[in-house]
Amino acid sequence: MARGESSHLPYAGVGPLYVAAIIVLTAMGVALSQLGLIPHTGWPVPVVLRVALGIVLIALGIVVWLAAVLGAGIDEGIRENRLVTTGIYAWVRNPIYVAFGMACTGAIVMAGNVWLLVLPLLFWALLTALMRHTEERWLLDLHGSEYRAYCKCVNRCIPWPPCWR
């Protein structure tokens, strides 16, 4: 697809499916744990610290989501077929999905069952597979070497200080 064509990345992409899946898995894991239907192994830290960590993760998820949706101009970038690499997108390639993952991980931490920590690993694997086979292919076709360079310096799932400025 040529760069100037009117077609562009879908605004929603596979995102709503991913977000719905991780929210449902988180809710099911927490509910099953609270009902005693899955083994419960507590954390070796005081409850107040675990809950505080959960709240921090949820708050960070909200901040990352706001930075991605309101601060980075992603909608405009999609409309214009422009690769957005500034703001939070300079720190992580998929901040909206990462934000929901952080918030779900916060809820899992607050639930207090160590066994549920397998879920964030599952979220990461699912996000990696979805992005590799959908949005990343499309962006590579559309932006070529610019996107390849961006990928070398900006992590897909873990926010990290940018290297490519």
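Within an unreviewed UniProt entry, the label attached to the protein chain reads Isoprenylcysteine carboxyl methyltransferase, and the organism entered is Olsenella uli. The Subcellular location (unreviewed entry) field of the UniProt record for the protein chain holds the comment "Endomembrane system".

Below, the discussion takes up the UniProt feature "transmembrane region" (unreviewed entry) in the protein chain. The sites that carry the UniProt feature "transmembrane region" (unreviewed entry) are, in the present numbering, residues 15-35, 47-74 and 94-127. The straight-line gap between the two end C-alpha atoms of residues 15-35 is 30 Å; of that span, 95% is helix and 0% is strand. Taken end to end, residues 47-74 is 93% helix and 0% strand, and its first and last C-alpha atoms sit 38 Å apart.

For V45, the location among the structural elements is in the loop between α1 (15-34) and α2 (47-71). For V45, a relative accessible area of 35% corresponds to the partly exposed category. Each C-alpha atom of the pair V45 and M102 lies 20 Å from the other, and the pair is 57 residues apart in sequence.

Each value, and the rule that gives it
- Residues numbered from 1 in each chain as written.
- Predicted model: local features only at pLDDT ≥ 70, side-chain atom pairs only at ≥ 80, totals over all residues.
- Heavy atoms only, no water.
- UniProt positions renumbered as here; feature names shortened; annotations may be inferred.
- Helix = DSSP H or I, 4+ residues; strand = E, 2+ residues; numbered from the N terminus.
- Buried < 20%, exposed > 50% of the residue type's maximum accessible area, 1.4 Å probe, protein only.

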